[in-house]
Amino acid sequence: MRIAVIGTGYVGLVTGTCFANMGNTVWCVDVDEQKIRNLEDGIIPIYEPGLTEMVIHNYKQGNLHFTTEIQKALEVCNICFIAVGTPMGEDGSADLHYVLEVAGSIGMYMQHHMYVVDKSTVPVGTAGRVRRRIQEELNRRESRLTFDVISNPEFLKEGSAVADCMKPDRIVIGVDSDDAEEMMRELYKPYFMNTENFIVMDVASAEMTKYAANSMLATKISFMNEISNICERVGADVNKVRQGIGSDRRIGYSFIYPGCGYGGSCFPKDVKALIRTAGEYGYEARLLGSVEEVNESQKQVLVTKIKERLGEDLSGKVIAVWGLAFKPDTDDMRESSAITIINELTRLGAEVQAYDPKAMEEAKRCYLKGNDKVVYCESKYDALKGAEALVLITEWKEFRSPDFYEIKERLRTPVIFDGRNQYSAKSLAKYGLDYYQIGVKPYKAAREEAV
C-alpha cells in the first residue's frame, strides 16, 4: 500500500517506519525542513530502541520517503495518517490546531478517494471536525471527491514503541463504512494471526478508548501512590502490599508500583483532556480529578523526605540525581517528576549533579534550561562526588545493581532517596547506607532498624 503519514514526531515516525518495514511505501511529511534533512541523513530526533536502524534500512530500501510537501505525498497515496501533536492547552483541553490544519491541507490537495486516519490522540468528536474541515476545502474547489475519516488510536509505550507497533496487542478501529473497515483490515493483516485483536467500533468509541485506557493506567498509579502514603504512616511496607494485591488476577502487577508520580506525553495530558471533555458535557469527573491531584502531590514526596533528613535550607549542599527522563529507555522529559524535584531542590538552595543515560541534552535544551544550579555529569558515579545524598528518580537498568561501596565512598553522607523503590533496605544496610523509599519508613543503616 501507499501511505502518507503527516507528522514525524514520536507517533508519526514510529508508525510510518513500521508500516514501511512491512513492505508498504510510506511518505513521512513534516513542515520542519531541517528535521526532514536530518531524517534523510539518518539523524533521528528521538531516542527509541531499534528505531534508528529501522529508519535507515527502509530509507535505503526505498520503502520510506521524507518530504515537506504534503501535496506530493497525497498525489500517490490513498491512505493518509494524521499524526501531528495535540499539545495541552492552558485550560487542559487538547489543542487541535495542527490536526485541523492538516485536515485543511488534505482537502486542498487530495486527487482521489482518501482514507483519512486520525492517529493523533484526540478528544471525542474530532473526527467530525476533521470531516467538516476537509469538506470545506473540497467545496471551495467545487470538487466531488469522496473520503472516509477513521479513528485508529495508538497504544505505543515509549521505550518499546517499535516492538509495540510491530507486534501490537490490539488494533482499535473506529469507522462508519464497510469500505473503510475492509481497507484497515487489509492494512493491518500482516500484523495479526489472531483477528480477535482487531477491534472495530464506531468512531466516537474509538476516540474515547485511548483516553479511557490512559486514564485507567494513570488511576492505577495514583491509587498505588495513595496506598504507599497510607502504608508509610501506619507502619506497613507498600512493597509487600503490592505483592499481596498483585497476586490477585483481577488486579495484576502492572502499573501498581509506587513511585514519585507519572509523567510523559500521554498520561498527564490525556487525564486533563478527559476531565475537560467531561466538563464540556456537564459532568464533573471527580475520580480523574483526584488522580491528577494525587500525582501532582506525589512529585513532592521525595523532596519532603530530603528536607526531613537534610533540613529546610539546602544552601551549600550538593544533591546527586540519577535519572531525568520520565521513564527508562527514552529521552522524553515531558512532565517528568525530575523537573519538579530538581527545581524544588535548587529553589531550596541545593546544587544538583545530574546524570541520565539519554535525557541530559533534552534537559539542557528545554526542561531545565534556565536552572543554572544543575550540573550534568558524564557518569552516574561522577554525579556522586561530594554530594550529601543520592536521589534516584528514573529506573534505568544501569541503576539497578550499582557498586554500593563506590556510592558510599563518593557521597559525603551515606544516604539514598529512592523514588522507584529499586533496592532492599536490609541489603543497603550491609554497605552502611541509609535508605529512604516510597511507602516505607526510612531505614538507617547505623542502627539497622526502621525509624
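Residues numbered from 1 in each chain as written. Predicted model: local features only at pLDDT ≥ 70, side-chain atom pairs only at ≥ 80, totals over all residues. Heavy atoms only, no water.

### As for the pattern of salt bridges
This is how the line gets drawn: A side-chain nitrogen of Lys or Arg and a carboxyl oxygen of Asp or Glu constitute a salt bridge if their distance falls within 4 Å. Secondary structure elements are taken from DSSP: a helix is a run of H or I of four residues or more, a strand is a run of E of two residues or more, and numbering for both begins at the N terminus. Think of it in three bands: residues with accessible area under 20% of the maximum for their type are buried, residues over 50% are exposed, and the middle band is partly exposed, with areas taken using a 1.4 Å probe on protein chains only.
Here the structure, examined in full by the defined rule, presents 28 salt bridges. The partner of Asp-176 in a salt bridge is Arg-131, and the shortest N-O contact between them spans 2.9 Å. In this pair, Asp-176 is assigned in the loop between β7 (171-174) and α8 (178-188) and Arg-131 in helix α6 (residues 126-140), connecting sequence segments 45 residues apart. Its relative accessible area of 29% is what places Arg-131 among the partly exposed residues. With a closest N to O distance of 3.0 Å, Lys-157 and Asp-164 form a salt bridge. When its relative accessible area of 41% is taken as the criterion, Lys-157 is described as partly exposed. Residues participating in the shared-partner salt-bridge network are Arg-133, Glu-136, Glu-137 and Arg-140.

### Quick look at the nonpolar core
Rules: Throughout this description, the term nonpolar core refers to a set of buried Ala, Val, Leu, Ile, Met, Phe, Trp, Tyr and Cys residues connected via side-chain atoms within 4.5 Å. The criterion used for residue contact is that any of the two residues' heavy atoms lie within 4.5 Å.
Core analysis: the biggest nonpolar cluster contains 57 residues, and Trp-322, Leu-324 and Ile-407 have the highest contact counts within it. Leaving out residues up to four positions away in the same chain, Leu-324 has contacts with Met-333, Ser-336, Ala-338, Ile-342, Ala-354, Asp-356, Ala-359, Met-360, Ala-363, Leu-368, Tyr-376 and Thr-394. Formed by 41 residues, the second largest nonpolar core is a distinct cluster that contains Ala-20, Val-26, Ile-79 and Leu-187.

### Observations concerning the confidence of the model for the protein
As a reminder of what qualifies: Across the chain, each position has a pLDDT score giving the predictor's confidence in that residue, from 0 to 100.
Of all residues in the protein, 98% have pLDDT values of 70 or greater, and the mean over the chain is 95. Confidence drops under pLDDT 50 across residues 447-451; counting only partners more than four residues distant or on other chains, this segment forms 11 contacts.

### Considering α6
Given 3.6 residues to a turn, an α-helix orients residues that are three or four positions apart in the same direction. Just so we agree on the cut-off: Expected helix span is taken as 1.5 Å per residue step, with the number of steps being one fewer than the number of residues. This arc is built from the directions going out from the helix axis to the C-beta atoms.
Here α6 spans 21 Å end to end across 15 residues, near enough to the 21 Å set by a 1.5 Å rise per residue. Every buried residue belonging to α6 is among Thr-126, Ala-127, Val-130, Ile-134, Glu-137 and Leu-138, and all of these are buried. Viewed along the axis of α6, the buried residues span an arc of 115 degrees, placing them on a single side of the element. When the buried face of α6 is taken as reference, the exposed residues oriented beyond 90 degrees from it are Arg-132 and Arg-140. Count one or two residues on from α6 and you reach Glu-142, which has phi positive near 55 degrees.

### Describing the pairing of strand β1 (residues 2-6)
Where a strand is regular, its side chains alternate between the two sheet faces. Which entries qualify depends on this criterion: For two strands to pair, DSSP has to find at least two bridges joining them. A clockwise path from the first strand over the helix to the second, with the strands pointing away from the viewer, defines a right-handed crossover.
Most of β1 is tucked away, with four of its five residues classed as buried. The sheet contact formed by β1 and strand β2 (residues 25-29) spans five bridges and is parallel. Bridged to Val-5 within β2 is Cys-28. For the handedness criterion, the β-α-β arrangement of β1, helix α1 (residues 10-21) and β2 is classed as right-handed.

### Section: the packing of helix α5 (residues 97-109) against α6
So the rule is basically this: To get an axis, fit a line to the C-alpha atoms, keeping to the stretch in contact for a helix; angles then go from 0 to 180 degrees between the N-to-C directions. Helix crossings fall into two classes, left-handed where the near helix is turned counterclockwise from the far one by less than a right angle and right-handed where it is turned clockwise. Here the nonpolar group is Ala, Val, Leu, Ile, Met, Phe, Trp, Tyr, Cys and Pro; Asp, Glu, Lys and Arg are the charged ones; every other residue, Gly included, is treated as polar.
Where α5 meets α6, the closest approach of the two axes is 7 Å, and the angle between their N-to-C directions is 35 degrees. Crossing of α5 over α6 shows right-handed handedness. Residues Val-99, Leu-100, Ala-103, Gly-104, Ile-106, Gly-107 and Met-108 of α5 pack against Thr-126, Arg-129, Val-130, Arg-133, Ile-134, Glu-137 and Leu-138 of α6. Taken together, the residues of the contact of α5 with α6 sort by class into eight nonpolar, three polar and three charged.

### Focus: the pairing of β7
Neither face of β7 is left uncovered, since the one carrying Ile-171 and Ile-173 and the one carrying Val-172 and Gly-174 both have all their residues buried. Two strands pair when backbone bridges link them, and β7 and strand β8 (residues 198-201) are joined in this way by four bridges, in the parallel orientation. From the neighbouring strand, Ile-173 faces β8, where its bridge partner is Val-200.

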